[in-house]
Amino acid sequence: MRLNECLNHASVPTLQRIAKSLHVTCVPYSKLDILQAILEAWLDPEARKTMVERWCSEWDAAMRRVVLQPRHAFAREEMASLLTPFGDGAIERALEAGWLYVHPDPATKFPLVVPEDVQEACHDHYVKAWRAQVLKRREEPPCVRDEEDAILVDFEALVDYVRGHDVRLTTTGAMYKRHLEQLMQLFEVEESLELPRWRFGYGKRAFAYPDRLALIYDFACDEGVLVEQDGRVEVDEARFAAWKSRLTVAKLRRLLRHYIVSYRGAIPRLADVLQLVRRVGGDWLDLASLYEVCRPFVNAFYYDSAEDVWRIRIVKMLVHLGVARIGSDTPESPPKWFQTTELGQELLSQGDAESTADLTERRPALVVQPNFELVVVSPDPRLEDTIAPFVERIPSSGVRAYRILAHTVARGLREGHDFDAWRAFVVRHALYGIPQNVERMLARWVAEARGEIGADTADVQSGESWA
C-alpha cells in the first residue's frame, strides 16, 4: 500500500493527529481537505525531505530496521519489538507521526503498514548516509583472501571421510580429535583445533569443533547427509546424491540460510547486518568504517565483545561462505578491506524474504551442550529456579552454567520433582533442543533412578573426553 491508500483508509481523528504532527495546514473537520493537504506536502520535494529526516531522526532505532525489510506490513508483536526503545505507547505515537498505519483489513496477519513510498524514501535516506560514512578504495588490495566455494569442497571432503572411516563419537557427541586432525589435513581451509573453555550459541556443535567445521558438520546433519546413530556417524547416500545434484548457487544459498538460523540466537539482528552490507557492498570497503555503520545492529554475546562478533562471527564466516572476500595491505597485516562478491550480492538478495520472516527478537533462554552442560543465555531467576532440581552449578566467572549428571537426576527424582515436566521446560526454552546423546543418557539415568534398570548395565561413562 502507498501513502495515498493508507491515508484514504484512515479515520478523521487519525488524519487530524497526523496533520498536527507534520505541521500541515488544513481544514481540520474535512477528511478530504486533510488528506489532500498531507499528500500535497508529501509530493513537495522539500517538505518530503523534512518529513523523512524527522522520521529517521526521531525514530532512528526502529526506522533503521524497517528500511532493511523486503515487506511493508508487520505483525503487532514485530512492531512492538522494533519500538521497544521508545517506551510504552510507542505504536500509538508512531501512528500519529504519519509513517505507520493500520491495515484496512482487520483480519490480516500483519495489521500495521509502512507505506511503500514512505519506506522507500527513508531507505534511500539511510543508504545515502551509510555509503557516505564508509571509506572505499578503487583498486584491489595487494593481498586478497577469497575462499570462493571452498566450503562446498570441504563439505564433500567431510562426507567422503566419514564414508571411508569408522567415525565413532564420544559420549559428548563429538568426533575424536584424531578424526579432526585428519580432516584438517584434507580441508581446503585449515582451522586450529585449540578451543577456549566456553563455546556456545553458534550452532549445535560449536562446543567441540572450530567455527567453520562446526557450521559444515551441523549443516550436513540438518540436511540429513550425515546421520548420527549408535555412537557413530554414517552417510545417507540418497541424501548425498540429492545434494550433489543441486547447482552451486543453490547449495551456497542453503548454507547461508543455515548460518543465519544457527547464529541469530546469539546475534538477533544478523539478518539486518547482512542486508545493510548488501546495500553498501560491491566496492572495496574499509572494514573499520563498515563496522561503525553496522555497529547499531551488532551486539556483544557473553565471551564475545561486539567487535569480536563482527570480526569472527560475521566477517570471517561471510568469507567462509563465499559471500565476501577480505584484503590487506601486506601479507602480515590484519584484514583492512572488505568486499561482497558478485555471488554474495546474489545470495544476500535472494535471502531477503527468508531471513526477515519474523522481526520479533527472541533471545534463547538456554543452550544444552552435548557435554551435559546447560548454559543460561538470558539470565532469569525463575528459569534457573525451574532447572535447579536436576542440575548442579558449575563455578564460573561471567557464564551461568549448570551440569546434569546421573546423581543430579537421581537427586531430583528422590526429592519428588517431576522430571518429564522439567524436560519439557528445557526443550521449550533451549536454542537447539536437547542433543541426542544427552536425551539417551537422561532416559538411562531416569530409568536407573526409578529402579527400572540396574546401574551396572550402563555401557558408557558420561565423563569421556572428545579428545
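On a predicted model such as this, the values are computed, not experimentally measured, just so you know.

**Q** I keep staring at the overall build of the chain and nothing clicks. Help me out?
**A** The secondary structure content of the chain amounts to 22 helices and 14 strands. Taking the principal axes of the C-alpha coordinates as reference, the chain spans close to 85 × 60 × 45 Å. Taking all 467 residues of the chain together, the buried fraction comes to 52%. Here the analysis covers contacts within the chain between residues at least 6 apart in sequence; of these, 65% occur between residues at least 24 apart. Carbon and sulfur atoms form 49% of the exposed surface of the chain, whose accessible area is close to 21,500 Å². Mean positive and mean negative side-chain charge positions of the chain (59 and 71 charges, respectively) differ by 2 Å.

**Q** Honestly, the pairing of strand β9 (residues 324-328) in this entry has me stumped. Any pointers?
**A** Residues in a regular strand point their side chains to alternate faces of the sheet. Counting buried positions over the five residues of β9 gives five, a clear majority of the element. Of the two faces of β9, both are covered, the one formed by Ala 324, Ile 326 and Ser 328 as well as the one formed by Arg 325 and Gly 327. Where strand β5 (residues 143-145) and β9 come together, three bridges link them in antiparallel fashion. For Cys 143, the partnering residue across the bridge sits in β9 and is Ser 328. Strand direction decides the pairing type here: β9 and strand β10 (residues 337-340), joined by four bridges, are antiparallel. Following the sheet pairing, Arg 325 is matched in β10 by Gln 339.

**Q** How do you make sense of helix α3 (residues 31-43) when you look at a structure like this?
**A** Side chains three or four residues apart in an α-helix point the same way, a direct result of the helix having 3.6 residues per turn. End to end, α3 covers 18 Å across 13 residues, agreeing with the expected 18 Å (1.5 Å per residue, within 8%). Those residues of α3 not exposed but buried are Ile 34, Leu 35, Ala 37, Ile 38, Leu 39, Ala 41 and Trp 42. In this fold, the buried residues of α3 make contact with α1 (3-9), α2 (12-22), α4 (45-58) and α8 (116-133).

**Q** Even after reading the chapter, I still don't get the nonpolar core, so can you show me in this structure?
**A** Within soluble globular proteins, side chains that are nonpolar generally end up buried alongside one another. Trp 55, Met 63, Trp 99, Leu 226, Tyr 259, Trp 310 and Ile 314 are the most contacted members of the largest nonpolar core, which has 132 residues in total. Once residues within four sequence positions are removed from consideration, Met 63 is found in contact with Trp 55, Cys 56, Trp 99, Cys 122 and Tyr 126. Counting 25 residues, the second-largest nonpolar core is a separate cluster that includes Val 376, Leu 383, Leu 442 and Val 446.

**Q** What is the right way to read a negative patch on the surface from this model?
**A** The grouping of Glu 5, Glu 116, Glu 120 and Asp 124 at the surface amounts to a negative patch. Of the residues forming the negative patch, the biggest block, three residues, is contributed by α8. Tracing the chain through its elements places Glu 116 in helix α8. Since its relative accessible area comes to 30%, Glu 116 is described here as partly exposed.

**Q** Explanation requested: unusual backbone geometry in the structure shown.
**A** Only a minority of non-glycine residues have a phi that is not negative, and only a minority of peptide bonds are not trans. Its identity is not glycine, yet Glu 148 carries a phi of approximately 50 degrees, on the positive side. Tracing the sequence through the fold places Glu 148 in the loop between β5 and α9 (150-164). Unusually for a residue other than glycine, Asp 230 sits at a positive phi of about 55 degrees. Tracing the sequence through the fold places Asp 230 in the loop between β6 (226-229) and β7 (232-235). When its relative accessible area of 70% is taken as the criterion, Asp 230 is described as exposed.

**Q** Even after reading the chapter, I still don't get the side chain of Asn 299, so can you show me in this structure?
**A** Along the chain, the position of Asn 299 falls in the loop between α15 (287-294) and α16 (306-320). In this structure the side chain of Asn 299 is engaged in a polar contact, spanning 2.9 Å, whose partner is the backbone oxygen of Ala 266.

**Q** Looking at this model, I keep getting lost on the environment of Pro 379. Mind explaining?
**A** The topology assignment puts Pro 379 in the loop between β12 (373-376) and α19 (381-387). With 21 residues separating them along the chain, Pro 379 and Arg 400 place their C-alpha atoms 7.7 Å apart.

**Q** Mind showing me how you'd approach the sheet that holds strand β14 (residues 401-403) here?
**A** Sheet strands pair by backbone hydrogen bonding; their relative direction is either parallel or antiparallel. Strand order across the open sheet formed by four strands is β11-β12-β14-β13, with antiparallel pairing between neighbours. With one partner strand each, in any of the chains shown, β11 (366-368) and β13 (392-394) form the two edges of the open sheet. Strand after strand, the sheet turns through a mean of 30 degrees between neighbouring axes, direction not considered. Sheet topology note: the β12/β14 ladder contains three bridges and is antiparallel. Bridge pairing in β14 places Glu 373 opposite Arg 403.

About the criteria used
- Residues numbered from 1 in each chain as written.
- Predicted model: local features only at pLDDT ≥ 70, side-chain atom pairs only at ≥ 80, totals over all residues.
- Heavy atoms only, no water.
- Helix = DSSP H or I, 4+ residues; strand = E, 2+ residues; numbered from the N terminus.
- Buried < 20%, exposed > 50% of the residue type's maximum accessible area, 1.4 Å probe, protein only.
- Contact = heavy atoms within 4.5 Å.
- Areas by Shrake-Rupley, 256 points an atom, 1.4 Å probe, with all protein chains shown as cover.
- Lys, Arg positive; Asp, Glu negative; His and termini not counted.
- Charge placed at Lys NZ, Arg CZ, Asp CG, Glu CD.
- Pairing = 2+ DSSP bridges.
- Expected span 1.5 Å × (residues − 1).
- Core = buried A, V, L, I, M, F, W, Y, C linked by side-chain atoms within 4.5 Å.
- Patch = residues over 30% accessible without salt bridge, like charges linked within 9 Å, V, L, I, M, F, W, Y side chains within 5 Å.
- Salt bridge = Lys/Arg side-chain N within 4 Å of Asp/Glu carboxyl O.
- Polar contact = N/O pair within 3.5 Å; in protein donor to acceptor, adjacent residues only side chain to side chain.
- Axes fitted to C-alpha atoms, helices over the stretch in contact; angles between N-to-C directions.

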